[in-house]
Amino acid sequence: LSLTVHQKKKPQLTMKPRIGYAFAIISLLVGTCSAKPNLPAARAEDSDPLEGPPFLADLRDMCRNATGSDRSFNELKDHISTDLPKCFMAHVNLEQLKTDTTKLEEQDKKKLFEIICEQIHESATCLTPVQTKLKPCLNEEDVKVMDQVVATMPEALNMACANSGALLQKFTEPAYRSCAMELPAMIEECTSELPDSMEKVPFSQYSEKQCGEIYNMRDCFSRRITECGATGYMDFFILFYRKLLALTPCK
């Protein structure tokens, strides 16, 4: 996962509403877990734009506003680029994920995914440093989002590993691997229409207008995932979507 910084004229950036931003972080975690670690490139604190998922620029601005410098952001970026993938790979045998399961007997396939699921559950500890490094950049409402996302991860893993990893087995299919590469762009597209004004509204004060925007985001993502041909990802999206929606009056 390359997050190289290039020096260019600084553009005007608009912060993404936090509930859309949460899904951007989720997509990054999905992509990071399958990424090969790269050594971070040299950086300049005021360089723009960032190469990588578009929301990284928003995250940098959040960190600048909260801390007055780029230090917290750079530490987080470097950790996500290098330490997080390394941590994941230290827990999960990636060679097992490459196994051609079509050649396995059903019992052997079941045993394989039980082992993989156990390893993935252990890898959940890799998120703790990310949570710690992200916290200085967040306000009270943002912390609610982060805590809800992190608290939902065990449930998401249980979902993937249910029935001997039935859903996880789908993720080894070519269509799912291809779709995983498109997730950041999908979520960027589906959250880009959320109005900037939502950033100033606490979750508890969401009105019918804000709820409608969230429903539109959900419908966009559902459509894009269906087009991608990997509908199993919707199970994860809906899980996190419902948990985050619980922070609001939206139904």
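For the structure, check the block above.
In this report, the structure presented in the accompanying data block is examined.

### Quick word on the overall build of the protein
In step 1: For the protein, the count of helices and strands is 10 helices and zero strands.
In step 2: Secondary structure of the protein in N-to-C order comes out as α-α-α-α-α-α-α-α-α-α.
In step 3: Across the 251 residues of the protein, 46% fall into the buried class.
In step 4: In the protein, once contacts between residues fewer than 6 apart in sequence are set aside, the share between residues at least 24 apart is 80%.
In step 5: Summed over its atoms, the accessible surface of the protein is roughly 12900 Å², and 52% of this surface lies on carbon and sulfur atoms.

### So, the pattern of salt bridges
Two side chains of opposite charge can pair, provided their charged atoms sit close to one another.
In step 1: The tally for this structure, following the rule as stated, stands at 11 salt bridges.
In step 2: Two residues, E227 and R224, come together in a salt bridge whose shortest N-O distance is 3.5 Å. One end of the pair is E227 and the other is R224, both in helix α9 (residues 208-228) and three residues apart, which spans about a single turn.
In step 3: Within this structure, E189, R223, R224 and E227 form a network of salt bridges that share partners.

### A few points about the nonpolar core
In step 1: In terms of nonpolar packing, the biggest core is built from 48 residues, with Y206, I214, F221, I225 and Y233 touching the most fellow members.
In step 2: When residues of this core are assigned to domains, at least three map to each of domain 1 (16-25 + 55-168) and domain 2 (173-250).
In step 3: Leaving out residues up to four positions away in the same chain, F221 has contacts with L183, M186, I187, C190, M234 and F237.
In step 4: Listed in part, the 15 residues of the second largest apolar core include L56, L59, L134 and L138.

### What about the packing of aromatic side chains?
Where two aromatic rings form a pair, the distance of their centres and the angle of their planes describe that pair.
In step 1: Per the stated rule, a full pass over the model turns up seven aromatic pairs.
In step 2: Note on F171 and Y233: the rings are 5.0 Å apart at their centroids and 15 degrees apart in plane angle, and the pair reads as stacked. Within this pair, whereas F171 is found in the loop between α7 (140-170) and α8 (174-191), its partner Y233 is found in helix α10 (residues 232-245), the two being separated by 62 residues in sequence. As far as the burial class goes, F171 and Y233 line up, both buried.

### Regarding the state of the cysteines
In step 1: In total, this model carries six disulfides according to the counting rule given.
In step 2: Through a disulfide, C117 is tied to C161; the S-S separation comes to 2.1 Å. When the S-S torsion is -105 degrees, as for the bridge of C117 with C161, the disulfide is left-handed. Remark: C161 occurs in helix α7 and C117 occurs in helix α5 (residues 106-123); sequence separation between them is 44 residues.
In step 3: In the protein, the bonded cysteines, taken in the order they occur along the sequence, pair up as 1-5, 2-4, 3-6, 7-11, 8-10, 9-12.

### As for the packing of α8 against α9
In step 1: For the pair α8 and α9, the least separation of the axes is 10 Å and the interaxial angle reads 155 degrees. Considering the angle they form, α8 stands roughly antiparallel to α9. Where α8 crosses over α9, the two elements pack in a sense that is right-handed. Within the contact between the two elements, α8 uses C179, E182, L183, M186, I187, E189, C190 and T191 and α9 uses M217, C220, F221, R223, R224, I225 and C228.

### Points about unusual backbone geometry
In step 1: Residue N163 is not a glycine yet carries a positive backbone phi of 55 degrees.
In step 2: Taking the relative accessible area as the measure of exposure, N163 reaches 67% and is therefore exposed.
In step 3: Of note in the backbone geometry, S164 takes a positive phi value of approximately 60 degrees without being a glycine.

### What about α9?
In step 1: The terminal C-alpha atoms of α9 lie 30 Å apart, and with 21 residues this matches the ideal 30 Å at 1.5 Å per residue to within 8%.
In step 2: Three or more residues of α9 are buried, namely Q210, C211, I214, M217, C220, F221, R224, I225 and C228.
In step 3: Where α9 terminates, the next one or two residues include G229, which has phi positive at roughly 85 degrees.

### What to know about the packing of helix α3 (residues 71-91) against helix α6 (residues 127-134)
In step 1: In the contact formed by α3 and α6, the axes pass within 9 Å of each other and the chain directions differ by 170 degrees. Compared by their axis directions, α3 and α6 come out roughly antiparallel. Residues E75, L76, H79 and L84 of α3 form the contact with α6, whose own contacting residues are P129, V130, K133 and L134.
In step 2: Residue composition of the contact of α3 with α6, grouped by class: five nonpolar, one polar and two charged.

Cut-offs used in this document
Residues numbered from 1 in each chain as written. Predicted model: local features only at pLDDT ≥ 70, side-chain atom pairs only at ≥ 80, totals over all residues. Heavy atoms only, no water. Helix = DSSP H or I, 4+ residues; strand = E, 2+ residues; numbered from the N terminus. Buried < 20%, exposed > 50% of the residue type's maximum accessible area, 1.4 Å probe, protein only. Contact = heavy atoms within 4.5 Å. Areas by Shrake-Rupley, 256 points an atom, 1.4 Å probe, with all protein chains shown as cover. Salt bridge = Lys/Arg side-chain N within 4 Å of Asp/Glu carboxyl O. Core = buried A, V, L, I, M, F, W, Y, C linked by side-chain atoms within 4.5 Å. Domains from an automatic or database assignment. Phe/Tyr/Trp six-rings, centres within 6.5 Å; stacked < 30°, edge-to-face > 60°. Disulfide = S-S within 2.5 Å. Axes fitted to C-alpha atoms, helices over the stretch in contact; angles between N-to-C directions. Parallel < 35°, antiparallel > 145°, perpendicular 65-115°, else oblique. Left-handed = near helix turned anticlockwise from the far one by under 90°. Expected span 1.5 Å × (residues − 1). Nonpolar A, V, L, I, M, F, W, Y, C, P; charged D, E, K, R; others polar.

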